[in-house]
Amino acid sequence: MNVIDLGMPTSGIASVPHLPQDAPAQTKRDFTSDQEVRWCPGCGDYIILAAVQSFLPELGLRKENIVFVSGIGCSSRFPYYLDTYGMHSIHGRAPAIATGLAASREDLSVWVVTGDGDALSIGGNHLIHALRRNVNLTILLFNNRIYGLTKGQYSPTSEEGKITKSSPLGSVDHPFNPVSLALGAEGTFVARTMDSDRKHLIEILRAAAAHRGTALVEIYQNCPIFNDGAFDLIKDREQQEARLVHLEPGQPVRVGAEDDRQTLVRDDTGDLVWVPEARARPDRVVIHDPYADDPAQAFALSRIEGPSLTHVPMGIFRSVEHTTYDDGVRAQVRAAQDAAGGPATDADLDALLLGRDTWTVG
Amino acid sequence: MSSKTVKQLDRVVIRFAGDSGDGMQLTGDRFTSETATLGNDLSTLPNFPAEIRAPQGTLPGVSSFQLHFADHDVMTPGDAPDVLVAMNPAALKANLRDLPRGAVVIVDTDEFTKRNLAKVGYDSNPLEDGSLDSWHLHDVPLTSITVEALSEFTGLTRKEKERAKNMFALGLLSWLYNRPTDGTEAFLERKFGAKPEILAANLAALRAGWNYGETTEGFAVSYEVAPAAMPKGTYRNVTGNTALAYGMVAAAHRAGLPLVLGSYPITPASDILHTLSGLKRFGVTTIQAEDEIAGVGIALGASFGGAIGLTTTSGPGLALKAETIGLAVSLELPLVVVDVQRGGPSTGLPTKTEQSDLLQAMFGRNGESPVAVLAPRSPVDCFATAVEAVRIATTYRTPVIVLSDGYLANGSEPWQVPTTGELPDLTVEFATAPNATDEKGNPVFHAFQRDEATLARPWAVPGTPGLEHRIGGIEKADVTGNISYDPDNHDRMVRLRAAKIAGIADTIAPLAVDDPSGQAEVLVLGWGSTYGPIAAAVRAVRNTGARVATAHLRHLNPFPANTGEVLRSYRRVIVPEMNTGQLAMLLRARFLVDVRSHTAVRGLPFTTVELADVLVRALEDLS
Ligand code: SF4
C-alpha cells in the first residue's frame, strides 16, 4: 500500500496546541506532579519517568493538551506522577480508552503507558487492534518480563522455563516478542529501547511522538525485586557490544566490536544470517530500511534475537506513514457536516426525527 | 375502489408468516407503514429465528411479523391474530396454534407440496384433509399467480419472479383492508431504483395482488378500520431501536456535545449502531470496537474528553462491560450503557425478548458500585428514556444503564414526533477554573470536590489549563481525588457514591398511579416493555366493572421517592415480569412489601388474556 495524501496532518502532534513562541520554556518541573513516587527502590520505572519528564518540554505543547492513559501494573502508576491530564484505568484496557479519547479529541497528545502483562496478556486484543487501526497514540510498553504488582508470576514475555511463584517447575509458556507482535499487527511505528540508555530512550521518544499513528515503543525495564538483572547481558559494558544491534536507517545491520564484527546478510534461501564483516558480500548485506512499507524485513529483524539475548536489535524497526484511524473517523464526520452545510441545527434535528413517512392528526 | 362490500372493523390483528427468506419482515413493515399513514393506532411484533437462513421450509426457519391496528389506542401487538398469512406449510404449522377458531387463514397453496409437507411432519395436506375446517381458509396459489402476472418480464428468471410473491401478498392484504399503497410504491422506487426491471416487477406484483382481491370471488368483503382518535400532531411510525438512537442524538444536540458510540455488533442491539453510523452529520462518531470491553472503553475515553460516551449491547455484552462500568462509577464520569435485553443465560435466545438483566444492571459489578438504571416502556418511550439517560449521566457524572429489550427494539408504534425546542435543555457546564487553594494559598483543582446539590464532581476535560489532574480506579481521597487507602475515607467515598445515585430521586417525577376510582385494592406494577400488555389487561378487567390500579416504573435505580408509599397503599401488589421475579426481589428487599410476582420467560411478551386472568384471580383472592 502506498501513502495516500488526504491532506491530513503528518506529525503526531500537528493538531495539538503549542505554547506561544514567547512563552517561558517548560522544564521537567512543569511535568512533575505533587504525588510521591512509589515504585521500589532501584526500579527501572524511575529512570523512564525522569526521561519522559525531561523530554516532554521539548515538544513545546500546552501541557493541558497532553494525556497519559494507563492500565494496571507497576508501570501503569506512571500517569499519577506527571502533571498532565491522566487516567489510571483498568487492566489491559488503556488502548481502548485512549482510542475513544484520541478519536474524539484531535487537539490532544495521547500517550498510553502499559506493561508486558497489561498490554500482551489481558489487553492483547486492544493492543493489536489499536495497531491495526493506526490510532494516533504513543504506547510505551515497559517490558520487565515478569508480573511485578502481583508479586512475581511469569508474564507473556518471560522466557520458557522461567521459575516463578506460579511456575515452580519452570514456565512452559512460549513468550511473545512484542516487536514481532506489533509488526504482525502492522504497527506503523515500532521501536525498542532500554531504561538504562537515557539518550537512546529520549531519541526514540522523540521519533515516536513525531509519528502520526500508533507508535509502539518497547522499553526493556529492570524489575530489581522480582526479575533482577533480566537485561544485564545487554547492559553490561563488556557483553553489550557483542549482543546489541543498533538499527540505523540506510546502514548495514551489524553487531560486535570492530575486530569481531558480524554483518547480517541474506543467504541463498533468503534467510538472515550473521557472517564476519569481511566475508559479507555487498549484494547480500541487509540494509535497514524502517521506511519500507512492506514490514517483512522489519519483522525478520525482530526475529534475529536469540533465546538469551544473544543478538538484540535496538532502535526503530518500522516507521511508515499510513492514514490514521482517528483522522479518518473525523474526516467522515466533517465531510458529512460539510456536505449538509455545516453542523446540525435544530431544524436539521427536527427533520431527522420526522423522517420520510409522516401523517398529521387534527 | 372495489365494488364489493366494505365492512367496518374496530381492530384487526394480522400475522404474516413465512420462511426467513420470504421477506415477511419487509411485508409486515410496509403494511405497517400503510396502516400508520391511514391514522390507525398500531403496535407490531416481529419474531424471527436466530439463524440468518435456517434450512428452507423448516419450522426453525419460520419468520413472522404481527401487527395490531385499531380505531382506538392500541397497547399491544395483540394476543391472537385475526388473520394469518402463511407462505408455506411450516409457517402454517408454527402459527396455527395461536389462531382462534374462525380466524382467516391465507395460504400459498403452491408451497403445499408433498416434500414441503413432509419437511414439517404433515402426513396429509391440511388444506385438503379437513383439519382447517374451523378456520376461514383462503387458498391462493400465490407463487404461480405472481409468476404468471410477471410473464412479460422476460429478463427475469423464474426465481426472481417468485421472489416478488411477498409484494403480491402485500397487495392482496392492502386491498382486503383498504390500505393505500403509494407509500410502498415510493419505498420500492427508493429500494430498487438502480434495478428498473426488478422495480417494475415488484410494482406489478403489488398491483396484481390488489387486483386479485378485487376480482376474485373468494374475497367477497373488504374491511376498513377507521383512524384512531389521537392527540393533534405530526406522527410517524418508529421502532424502539430507532427511537433510542434518535433520542441519543437529540440529547447530545441539546447538550451541545458530540456523541461517541463504541459498540460491538450484537443482536438485538446492532440496529442502534447501524442507525447512528449513518448520522455523522449530527456530529456522531461511531466506532465499531474489537470487542464489548473496547466498546465501553472507547465510550468512557470519549466521556473523559468531554463527549457523550455511549455503548450499546445486549446481556452477554453487559457482562463483559462490567469492569469498565465499575471504573466509570469510580471515575465519576458520564456514560450511557444501553442493554437491549434478550433471552439468557449465556447466548440464550438471541432474537427473543426477556427482562432478565435487571439484577445484572443493578449489581453486576465488583464492589459497591451503584449506577442509575432506566427502562423504556414502549418503542416510542425509548426516545424520551435516552434523553433522560443523558440528563442523569451528565448531571450526576455517572454511568446510566438503559434496559430496553428485544420486543421494544424491533416492535414499532406511531410516534407523535417532538420538535427540538420541546426537548429539555441539557447544557453541560465543564469546570474551567481551580476550585480550591492549597496551604500556600495557590489556586488548585480538586477533582472530587462535589456539588452540594447533586454530589456530582466537576467534569474537567483535558485541554483546560490549570486543571490538569489524574483519575483512576484506585480509591480516591474525598475532595482532592488523590490516591487514598485510608479506611475511613473509603467508607465515606462508598457512601457518597451511593448517596449521589440515591439523590437522583430528587429530580425525577413521583411514581404516578392510575386508579380511576381511587378505591382499588389491587395494584399492578410493571417496568419496561410489559407496559402495553399490563395496560391492555387492566383495561379488560376494568371493562368488567372491577377496580384495579396500575403504575409503571421507568426509574429502577433510584426508584421514585414515593414508591414505598404507593406499594403500601394497596392490599395486593402484582408485579408481572419477563424473568423469574427480579423487580419483585428488589421491591421486597427495599420496602418490605409482600409483592406477588407473575413471571414468564417464553421469549415473547405477555398476552392480555394471561395478565387479565392474573388480575381477576388476585381480585377473587381478596374478596
Ligand atoms: S515490583 Fe518491580 S517493576 Fe514493580 S515497582 Fe517494584 S521494582 Fe518496579
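Just so we're clear, the structure is a prediction, and the values are computed from it rather than from any experiment.

A.B. asks: Outline the overall build of chain B, supporting the account with residue identities and numerical values.
C.D. replies: A count of helical and extended segments in chain B gives 20 helices and 25 strands. Rg of the C-alpha trace for chain B: 27 Å, near the compact-globule value of 25 Å for 623 residues, within the 12% margin. Its C-alpha atoms give chain B principal-axis dimensions of about 95 × 65 × 45 Å. For chain B, the residues scored as buried account for 62% of the 623 residues in total. A total accessible area of about 23,400 Å² is found for chain B, and carbon and sulfur atoms account for 51% of it. On chain B, the mean spot of the 55 positive side-chain charges and the mean spot of the 69 negative ones are 1 Å from each other.

A.B. asks: A description of the overall build of chain A should follow, citing residues and the corresponding values.
C.D. replies: When its secondary structure is counted, chain A shows eleven helices and twelve strands. Expected size for 362 residues packed as a compact globule is a radius of gyration near 21 Å; at 23 Å, chain A falls within 12% of this value. Counting only residues that meet the buried cut, chain A has 55% of its 362 residues in that class. A separation of at least 24 residues holds for 67% of the contacts in chain A among residues at least 6 apart in sequence. Just so you have it, chain A exposes about 15,400 Å², and 51% of that area is on carbon and sulfur atoms.

A.B. asks: I'd like a description of the site of the ligand, backed by residues and values.
C.D. replies: Contacts to the ligand come from W39(A), C40(A), C43(A), C74(A), N144(A), G148(A), Q221(A), C223(A), P224(A), I225(A) and F226(A). Split by residue class, the shell around the ligand holds eight nonpolar, three polar and no charged.

A.B. asks: An account of the UniProt feature "domain: Pyruvate/ketoisovalerate oxidoreductase catalytic" (unreviewed entry) in chain B is needed here, citing residue identities and associated values.
C.D. replies: When the UniProt feature table is mapped onto this chain numbering, "domain: Pyruvate/ketoisovalerate oxidoreductase catalytic" (unreviewed entry) sits at residues 21–209 of chain B. Between the first and last C-alpha atoms of residues 21–209 of chain B the distance is 20 Å; the span itself is 41% helix and 16% strand.

A.B. asks: Can you break down the interface of chain A and chain B residue by residue, with the values?
C.D. replies: Residue-level contacts link 60 residues of chain A with 69 residues of chain B. In total, about 5,500 Å² of surface goes out of reach between chain A and chain B, with carbon and sulfur atoms giving 61% of it. The largest per-residue losses of area from chain A upon contact with chain B belong to Y85(A), L353(A) and W359(A), which jointly make up 17% of the total buried on that side. For the pair chain A and chain B, the interface holds three salt bridges. Measuring nitrogen to oxygen at the nearest pair gives 3.0 Å for the salt bridge that ties D83(A) to R470(B).

A.B. asks: Got a sec to walk through the domain arrangement of chain B? Specific residues and values, please.
C.D. replies: Residues and elements named next belong to chain B. Domains assigned within chain B are domain 1 (5–225), domain 2 (236–422), domain 3 (429–507) and domain 4 (513–622). Each of domain 1 and domain 2 was reduced to a C-alpha centroid, and the two centroids are 34 Å apart. Listed by partner, the interface residues are 16 residues for domain 1 and ten residues for domain 2. Carbon and sulfur atoms supply 56% of the area buried between domain 1 and domain 2, which totals about 940 Å² over both sides.

A.B. asks: Any chance you could break down the pattern of salt bridges for me, citing the residues and the numbers?
C.D. replies: Across all of its chains, the model carries 40 salt bridges over all chains by this definition. In this structure, D268(A) engages R284(A) in a salt bridge whose closest nitrogen and oxygen atoms are separated by 2.9 Å. Residue D268(A) is located in the loop between β9 (262–266) and β10 (272–276), and its partner R284(A) is located in the loop between β10 and α9 (296–302); the two are separated by 16 residues in the primary sequence. Among the residues examined, D268(A) registers a relative accessible area of 68% and is labelled exposed. What makes R284(A) partly exposed here is its relative accessible area of 24%. Among the salt bridges present, the one from E332(B) reaches K500(B), with a minimum N-O distance of 2.9 Å. Residue E332(B) is located in the loop between α12 (315–331) and β13 (335–341), and its partner K500(B) is located in helix α16 (residues 487–502); the two are separated by 168 residues in the primary sequence.

A.B. asks: Talk me through the sheet that holds strand β11 (residues 312–319) of chain A; I want residue IDs and the actual numbers.
C.D. replies: Strand order in the open sheet formed by nine strands is β7(A)-β11(A)-β5(A)-β6(A)-β4(A)-β3(A)-β1(A)-β2(A)-β19(B), and the pairing between neighbours is mixed. The open sheet has two edge strands with one neighbour each: β7 (244–246) of chain A together with β19 (470–472) of chain B. If you compare each strand with its neighbour and ignore which way they point, the axes differ by 20 degrees on average. Bridge count between strand β5 (residues 189–194) of chain A and strand β6 (residues 215–220) of chain A: six bridges; the pairing is parallel. Bridge pairing in β6(A) places R192(A) opposite E218(A).

A.B. asks: Outline the packing of aromatic side chains, supporting the account with residue identities and numerical values.
C.D. replies: If you walk through the whole model with that rule in mind, you get 19 aromatic pairs over all chains. Between W39(A) and F78(A), the aromatic rings sit 6.2 Å apart at their centres with planes inclined by 40 degrees, giving tilted as the arrangement. With W39(A) in the segment before α1 (44–59) and F78(A) in the loop between β1 (66–70) and β2 (85–88), this residue pair connects regions lying 39 residues apart in the sequence. The two residues W39(A) and F78(A) agree in class, both being buried. Seen from their ring centres, Y177(B) and Y223(B) are 5.6 Å apart, and the 25 degrees between their planes marks the pair as stacked. Taken together, the residues Y177(B) in the loop between α6 (165–176) and α7 (182–192) and Y223(B) in strand β8 (residues 221–225) connect sequence positions 46 residues apart. Residue Y223(B) is classed as partly exposed on the basis of its relative accessible area, which comes to 21%. Aromatic rings pair up to connect W39(A), Y46(A), F68(A), F78(A), Y81(A), W111(A) and F142(A) into one cluster. In this structure, R281(B) packs its charged tip against the face of F282(B), placed 5.6 Å from the ring centre.

A.B. asks: Could you give an account of helix α2 (residues 94–104) of chain A, naming the residues involved and the relevant values?
C.D. replies: The element α2(A) is largely enclosed, with a buried count of ten among its eleven residues. Residues of α2(A) that are buried include every one of A94(A), P95(A), A96(A), I97(A), A98(A), T99(A), G100(A), L101(A), A102(A) and A103(A), and no others.

A.B. asks: Would you mind going over the packing of α2(A) against helix α11 (residues 292–304) of chain B in detail, with residue names and values included?
C.D. replies: Between α2(A) and α11(B), whose axes approach to 6 Å, the crossing angle comes to 45 degrees. Taken together, α2(A) and α11(B) sit at an angle that is classed as oblique. In this structure, α2(A) crosses over α11(B), and the sense of that crossing is right-handed. Touching A96(A), I97(A), T99(A), G100(A), L101(A) and S104(A) of α2(A) are A294(B), G297(B), I298(B), G301(B), A302(B) and F304(B), all from α11(B). Its residues assigned to classes, the contact of α2(A) with α11(B) shows seven nonpolar, five polar and no charged.

A.B. asks: I'd like to hear about unusual backbone geometry, residue by residue, with values.
C.D. replies: All names here are of chain B. Here the residue pair T267 and P268 is connected by a cis peptide bond, since its omega of 0 degrees sits within 30 degrees of zero. Cis geometry is found at the peptide bond from G344 to P345, where omega equals 5 degrees. With respect to the element layout, P345 can be found in the loop between β13 and α13 (358–363). With a phi close to 55 degrees, E332 is a non-glycine residue in the positive phi region. The exposure class assigned to E332 is buried, which follows from its relative accessible area of 1%. Positive phi outside glycine occurs at S346, with the angle close to 55 degrees.

A.B. asks: So what's going on with the side chain of R212(A)? Residues and values would help.
C.D. replies: Residue and element names in this part refer to chain A. Within the secondary structure, R212 sits in the loop between α6 (198–210) and β6. The buried category is assigned to R212, whose relative accessible area is 4%. In terms of polar contacts, R212 uses its side chain to reach the side chain of D327, at 2.6 Å.

A.B. asks: Give me the nonpolar core: which residues, what numbers.
C.D. replies: Most often, soluble globular proteins have nonpolar side chains that are buried together. Residues and elements named next belong to chain B. Membership of the largest hydrophobic core comes to 161 residues, with the highest contact counts inside it found for L276 and L525. Broken down by element, this core gets its largest block of residues, ten residues, from helix α9 (residues 240–255). Not counting residues up to four positions away in its chain, the partners in contact with L525 are L511, A551, H552, L553, L567, V573, I574, V575, P576 and L587. A36, F153, Y177 and A208 belong to the second-largest nonpolar core, a separate cluster that totals 49 residues.

A.B. asks: How would you summarise the pairing of strand β10 (residues 259–263) of chain B if you had to cite specific residues and measurements?
C.D. replies: All names here are of chain B. The buried fraction of β10 amounts to five of the five residues, a majority that puts the element mostly inside the structure. Both faces of β10 are covered, namely the face carrying L259, L261 and S263 and the face carrying V260 and G262. In this sheet, strand β11 (residues 284–288) lies alongside β10 in parallel orientation, the contact comprising five bridges. Across the sheet, the residue bridging to L259 is V284, located in β11. After leaving β10, the chain enters helix α10 (residues 270–277) and then returns to the sheet as β11, a path that is right-handed.

A.B. asks: Which residues make up the UniProt feature "domain: Thiamine pyrophosphate enzyme TPP-binding" (unreviewed entry) in chain A, and what values go with them?
C.D. replies: As annotated by UniProt and renumbered to match this structure, "domain: Thiamine pyrophosphate enzyme TPP-binding" (unreviewed entry) occupies residues 72–219 of chain A. With 32% helix and 19% strand, the stretch residues 72–219 of chain A has end C-alpha atoms that lie 17 Å from each other.

About the thresholds
Residues numbered from 1 in each chain as written. Chains lettered and ligands numbered in written order. Predicted model: local features only at pLDDT ≥ 70, side-chain atom pairs only at ≥ 80, totals over all residues. Heavy atoms only, no water. Helix = DSSP H or I, 4+ residues; strand = E, 2+ residues; numbered from the N terminus. Rg over C-alpha atoms; globule rule 2.2 N^0.38 Å. Buried < 20%, exposed > 50% of the residue type's maximum accessible area, 1.4 Å probe, protein only. Areas by Shrake-Rupley, 256 points an atom, 1.4 Å probe, with all protein chains shown as cover. Lys, Arg positive; Asp, Glu negative; His and termini not counted. Charge placed at Lys NZ, Arg CZ, Asp CG, Glu CD. Contact = heavy atoms within 4.5 Å. Near = heavy atom within 4 Å. Nonpolar A, V, L, I, M, F, W, Y, C, P; charged D, E, K, R; others polar. UniProt positions renumbered as here; feature names shortened; annotations may be inferred. Buried area = accessible area lost by both parts, 1.4 Å probe. Salt bridge = Lys/Arg side-chain N within 4 Å of Asp/Glu carboxyl O. Domains from an automatic or database assignment. Pairing = 2+ DSSP bridges. Axes fitted to C-alpha atoms, helices over the stretch in contact; angles between N-to-C directions. Phe/Tyr/Trp six-rings, centres within 6.5 Å; stacked < 30°, edge-to-face > 60°. Lys NZ or Arg CZ within 6 Å of the ring centre and 35° of its normal. Parallel < 35°, antiparallel > 145°, perpendicular 65-115°, else oblique. Left-handed = near helix turned anticlockwise from the far one by under 90°. Polar contact = N/O pair within 3.5 Å; in protein donor to acceptor, adjacent residues only side chain to side chain. Core = buried A, V, L, I, M, F, W, Y, C linked by side-chain atoms within 4.5 Å. Right-handed = clockwise from strand over helix to strand, strands pointing away.

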